[in-house]
Amino acid sequence: MKNWKVLFTLLITLFLAACGESKDEGGRVKLSYMIWDKYQQPGMQEMIDRFEELNPDIEVEIQMYPWAQYWTKLDALAEGGNLPDLFWMHIGYFSRYSEAEVMLDITDRVTEEIDLSKFERVVTDIYRSNGRYYGLPKDIDTVGLWYNKKLFDEAGVPYPTEAMTWDEFVEVSKKLTDRKKGTYGFAARLEGQTGHDNAILQNNGFIISEDKKSSGMDTPETMEAVQWYVDLIGKHQVSPSLSEMVEISPLEMFFNGQVAMIIDGSWMLNAMLTNEYTLENADVTYLFKGKREGTIANGLGNVISDQSKHPEEAWKFLKFLSSEEGNLIQGRSGAAIPAYKSAQDEWINSDKTFNLKVFTDQLSYGLPYPNSKTRNTWYQDEKRIFSRVWSGELGVEEGCREYAQRMNRLLATEE
Amino acid sequence: MREEALELKSTGKASVGKKKGMSSRLKDNLWGYFFIAPTIIGLVVLNLYPVLKTMHLSLMRSSGIGRYKFIGLENYATLVRDPEVLQATKNTILYTVAVAPVAVLISLVVAVLLNSNIKLKGVYRTIYFIPVVSAPAAIAMVWKWLYNTRFGLLNHIFGSEIDWLSNPRIALLSIGAVGVWSLIGYNMIIFLAGLQEIPDMYYEAARIDGAGKVTQFFKITLPLISPSLFFVTVTTVMGSLKVFDLMFMMTTDTSPIFNRVQTLVVLFYRQAFVMNQKGYASAIVVLLLVIIILITIVQMRLQKKWVHY
C-alpha cells in the first residue's frame, strides 16, 4: 500500500512539472520568436538583448528552424494551436496564413503608434489583407551576383563591376569555366529568387499575373528567358548539371572555389563573412541585365500570433523590432537590410569587405516575389517539371506549358 | 497458474478455479487488466485512433490550415490516375523486392556463422549491431557523402565515376544497399535467439550420421528456425514498404531522378506537409495500408506451408 502512495505522488509531480507555464519564477513574461536563418540569428539576438534591457520583465527566446523545415513546422504548430508568439513571415506564404486567420490584427495599434512612411514603400503593404495590417516590415532583400575574385584573377578576367548584359555574362562565364579542373563559371540554380525568376523578369516575362489569376509561364518572353538560362548548363556548359548541384549545393561549391559566380541574396552577408574562403576571395556586384534590369526583391515581416497568450508584451517587442533603434541594431549586425529607410546605411557600412551598395542600388529596380494562396503546391510543380527541363529530359517549351497549365488549374481554385 | 500450483503442493488436492473465491478471481483479472492497460491505452490512442482519423481524412480535401471539405471518394479517384502515385508504388515495391530478401538472407547467414565458436564473435556481433543503434539521419548523411559522384569515398577507392545517387537505374539500389546494411544487425539478433534454442544434440546426431555442415543447415537449422524466419521476413517486408527516413534524407525533390526514387511514404510526406494536401496524402497512406495488408495476408497463408512450430 505504501508503494502505491509513492507511485501516485511521483506521477502527479511529473504531470505538474510537465505542464510548464510561460512565466518563469521571476514572474517575467516569456515570448517565443521563430525564425529560419541561422546567419541572421546573432543579429536578432542583439536586438533581443537590447529589448530585454529596456523591458526587464519580458524575456524573448529564439526558435530557429532551417528554411527547409520552417513552414512545415509552422503549419503543424498553427493547426495544433501552439504557434510561437512572434514569427517571421514571407510574402510567398502570407496569403495562406492570413486565410487561416492565425495572425493578430494589429491595424489599430499600427495606425496609432507606427509611422509607416519610415519604411520602404514596396514592403509596407505586403503584410496587409483586406485593408487590415497583420505584420510589420522587418527587412528588404534582393539578390546580387556574388563572384570569386581569385578565380577571376587566375583566368585573367577583370572583375565585373557593372551589370553585364546577357551575352557579356555568357562570355565571362565561358572564360571562367575549366572543366578539366572542375571549375564552372556560374551555378544556374533551379531556384526562383536566386535563379531563373530574375532572367524571366529581365526579359519582360512574368511568373504570375498581377491579379493572380493566370500564369505567365507560357508567354514567349518567359519561355525565351528560361531557355537562355537552361542553355547555360546544356549549350554553353558554363554551369554544373542539376545532378551535380543536387549532390553538392551551389553555395558549397562557391565556398569551395568550384564555381566563380552565383546569384544570392543580401541576406547572405554574414554567411559570406563567416566562411574564411569567401571572406578573403568573394565580392558582390550587380546582377546581369536582359532587356531591362530586374532583380526579385522581397521583404520579410514580423507577425504576432493570434493565439499568443501575451499579446501586449508581444506588441511591445514587435514595436521595438520596427523602431529606429531596433533597426539600427539590425543593420549594424549585418543580418539583413532593414526596411526602415534611415537604418539602411548602417547595413551598408556594417562591413567594408564587400561592395554592399549594389544591393541597395538594385532595390530601385526590385520586382516583387511571385506568390499566391496555392503557391506551396504550384511551386512543387515547378520543381518537379523544371528538374526534367534542367536535366535536358524535357524541352523548355513543353515544360513551361505544362507548368502553366498546372498553375492555372490551381489558381482557379483560389476563389 | 502459480497460485494453483502452490495450492496443489500445500493441500495435495487439485483445486480448480471454482474453489477460489469470486473476489480473488476478480482481483486476478483486475491485475491483468491493470498491467496491460498502458499498452492498450497507448495502442488505442496512438495507433487505432490515428488510423481511423486518417481514413476519415482521406475523404476530405484540405483548403488552408486546419480546414477540410468533405469530398467522398474523390481522392481515390484522383489517386488511381495519378502517375506520381503509380511510380511511387512501383518504386516502393522495387525497393522491397531488392532489400527484404537480401537483408533476411544475409542476416541469417551472419547469425549462423556468429552462432558457431569462432574467435571474437562478441566483437563481430557488436560491429554488426552498431548500424541498428545509429541514428538514421547520421547514417544517411555519411552514406550520402560516401556515394558522392565527385568526392565520395566509394568512387575514390574504386577509381570510378559512378553516379550512385544520380543515376536513375541504380539510385534506388544504392539506397537499398544502405537499407540492407542497417537491418542486418537487428534481424541477426532475432535469428541468434532462435538458433540458440536448437538443441546441440540434433547437430551431434547429424554429424554421427555423416551429414556435412551444409546438409545440417538445410535439414536442421532451417526448419527449426522457421518461426523466427517467418517473423523476420514479415517485419522486414513491412519495414521496407514503409521506408522513409533513409529515402527522405538521401534524396532531394529537385533532383532530376527524384521520381524514380520516391517511395509512397515520401510522397505522403510531401503531399501532407509540403503541399498541404492532407486529405490526398491520407488517401495515399490508406493505399499503402491496403498493400501491406494484402501482402501480409499472403504471407500468413503461406506460413502453414513452410513454418514448423
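In the block above lies the structure referred to throughout.
In this report, we go over the structure that sits alongside the text. Quick caveat, the model's predicted, so the values are computed rather than measured.

1. What to know about the interface of chain B and chain A
Across the boundary between the two partners, chain B contributes 30 residues, which contact 29 residues of chain A. Between chain B and chain A, the buried area comes to about 2600 Å², and carbon and sulfur atoms account for 49% of it. Scanning the region where chain B abuts chain A turns up 3 salt bridges. One salt bridge connects A:Lys383 with B:Asp253, and the closest N-O pair in it is separated by 3.6 Å. On the surface where chain B and chain A come into contact, there are 10 residue pairs in polar contact (both at pLDDT 80 or more). When residues of the side of chain B that touches chain A are assigned to their parent elements, the largest contribution, 4 residues, is made by helix α13 (residues 264-274) of chain B. Of the residues contributing to the side of chain B that touches chain A, the split by class is 13 nonpolar, 11 polar and 6 charged.

2. Quick notes on the sheet that holds strand β13 (residues 301-304) of chain A
Residue and element names in this part refer to chain A. Strand order across the open sheet formed by 5 strands is β2-β1-β3-β13-β6, with mixed pairing between neighbours. The sheet is open, and its two borders are formed by β2 (58-64) and β6 (135-137), each paired with just one other strand. Neighbour-to-neighbour, the strand axes of the sheet open up by a mean angle of 25°, direction not taken into account. Of the strand pairs in this sheet, strand β1 (residues 29-35) and β2 are connected by 7 bridges, and their pairing is parallel. Each residue of the ladder has a partner; that of Val29, found in β2, is Ile58.

3. Description of the packing of aromatic side chains
Applying the stated criterion to the full structure yields 43 aromatic pairs over all chains. An angle of 20° between the planes, with centres 5.0 Å apart, marks the rings of B:Phe244 and B:Phe248 as stacked. When the ring of B:Phe244 is compared with that of B:Tyr269, the centres are 5.4 Å apart and the planes differ by 45°; the resulting orientation is tilted. Here the residue B:Phe244 occupies a position in the loop between α10 (213-241) and α11 (245-250), and B:Tyr269 occupies one in helix α13, the gap between them amounting to 25 residues. On the basis of relative accessible area, B:Phe244 is assigned to the partly exposed category, the value being 23%. Positioned above the aromatic ring of A:Trp88, the side-chain terminus of A:Lys138 is 4.6 Å from the ring centre. One residue, A:Arg375, lies across the ring of A:Tyr379, its end atom 4.5 Å from the ring centre.

4. A word on the pairing of strand β11 (residues 282-285) of chain A
Residue and element names in this part refer to chain A. Both faces of β11 are covered, namely the face carrying Ala282 and Val284 and the face carrying Asp283 and Thr285. Bridge count for strand β8 (residues 143-148) against β11 is 4 bridges, and the pairing is antiparallel. When the sheet's bridge partners are listed, Leu145 is paired in β11 with Thr285.

5. Focus on the nonpolar core
By size, the foremost hydrophobic cluster in this structure holds 141 residues, and its most contacted members are A:Tyr33, A:Met89, A:Phe186, A:Met261 and A:Trp390. Top contributing element to this core by residue count: helix α10 (residues 220-234) of chain A, with 8 residues. If sequence neighbours within four positions are ignored, A:Met89 has contacts with A:Trp36, A:Trp71, A:Phe94, A:Tyr97, A:Met103, A:Tyr127, A:Leu300, A:Gly301 and A:Val303. In terms of nonpolar packing, the next biggest core, distinct from the first, is built from 24 residues, B:Trp143, B:Leu172, B:Leu246 and B:Val261 among them.

6. Concerning the layout of surface pockets
Of the volumes computed, that of the second largest pocket is approximately 1800 Å³. Residue lining of the second largest pocket: 49 residues in total, with A:Thr377, A:Asp381, A:Arg406, A:Leu410 and B:Gln277 positioned closest to the centre. Listing elements by their share of the lining of the second largest pocket, those giving two or more residues are α4 (91-99), α19 (375-390) and α20 (396-412) of chain A together with β1 (60-62), α3 (74-81), α4 (83-115), α12 (258-261) and α13 of chain B. Of all the elements, α19(A) adds the most residues to the lining of the second largest pocket, at 7 residues. Among the residues forming the lining of the second largest pocket, the class breakdown is 12 nonpolar, 16 polar and 21 charged.

7. Examining the sheet that holds strand β10 (residues 259-265) of chain A
All names here are of chain A. Judged by pairing direction, the sheet is mixed, and its 4 strands sit side by side in the order β9-β10-β8-β11 without closing on themselves. Sheet topology places β9 (184-186) and β11 at the edges, where each strand pairs with a single neighbour. Neighbouring strand axes in the sheet, compared pairwise and without regard to direction, differ in orientation by 30° on average. When β9 meets β10, the two strands line up parallel, connected through 2 bridges. Within β10, the residue paired with Phe186 across the bridge is Met261.

8. Section: the packing of α4(B) against helix α8 (residues 171-195) of chain B
Packed helices, taken two at a time, are described by the angle their axes make and the gap between the axes. All names here are of chain B. Between α4 and α8, the shortest axis-to-axis distance is 6 Å and the interhelical angle comes to 40°. Our classification of the angle between α4 and α8 gives oblique. In this structure, α4 meets α8 at a crossing whose hand is right-handed.

9. Focus: the packing of α19(A) against α20(A)
All names here are of chain A. The N-to-C vectors of α19 and α20 enclose an angle of 170°; their axes lie 10 Å apart at closest approach. By the angle class used here, α19 and α20 are roughly antiparallel. Across from Thr377, Trp378, Asp381, Glu382, Ile385, Phe386, Arg388 and Val389 in α19, the residues of α20 making contact are Val396, Gly399, Cys400, Glu402, Tyr403, Arg406, Met407, Leu410 and Leu411. The class makeup of the residues in the contact of α19 with α20 is 10 nonpolar, 2 polar and 5 charged.

10. Considering unusual backbone geometry
Residues and elements named next belong to chain A. Positive phi, close to 55°, is recorded for Glu101, a residue that is not glycine. Tracing the sequence through the fold places Glu101 in the loop between α4 and α5 (107-113). Even without being a glycine, Lys212 presents a positive backbone phi close to 60°. With respect to the helices, strands and loops of the structure, Lys212 is situated in the loop between α9 (192-202) and α10.

The rules we used
Residues numbered from 1 in each chain as written. Chains lettered and ligands numbered in written order. Predicted model: local features only at pLDDT ≥ 70, side-chain atom pairs only at ≥ 80, totals over all residues. Heavy atoms only, no water. Contact = heavy atoms within 4.5 Å. Buried area = accessible area lost by both parts, 1.4 Å probe. Salt bridge = Lys/Arg side-chain N within 4 Å of Asp/Glu carboxyl O. Polar contact = N/O pair within 3.5 Å; in protein donor to acceptor, adjacent residues only side chain to side chain. Helix = DSSP H or I, 4+ residues; strand = E, 2+ residues; numbered from the N terminus. Nonpolar A, V, L, I, M, F, W, Y, C, P; charged D, E, K, R; others polar. Pairing = 2+ DSSP bridges. Axes fitted to C-alpha atoms, helices over the stretch in contact; angles between N-to-C directions. Phe/Tyr/Trp six-rings, centres within 6.5 Å; stacked < 30°, edge-to-face > 60°. Buried < 20%, exposed > 50% of the residue type's maximum accessible area, 1.4 Å probe, protein only. Lys NZ or Arg CZ within 6 Å of the ring centre and 35° of its normal. Core = buried A, V, L, I, M, F, W, Y, C linked by side-chain atoms within 4.5 Å. 1 Å grid on protein atoms, 1.4 Å probe; cavity = no way out; pocket = protein on both sides within 12 Å on 5 of 7 lines; lining within 4 Å. Points joined across faces, edges and corners; volume = space filled by probe spheres on them. Parallel < 35°, antiparallel > 145°, perpendicular 65-115°, else oblique. Left-handed = near helix turned anticlockwise from the far one by under 90°.

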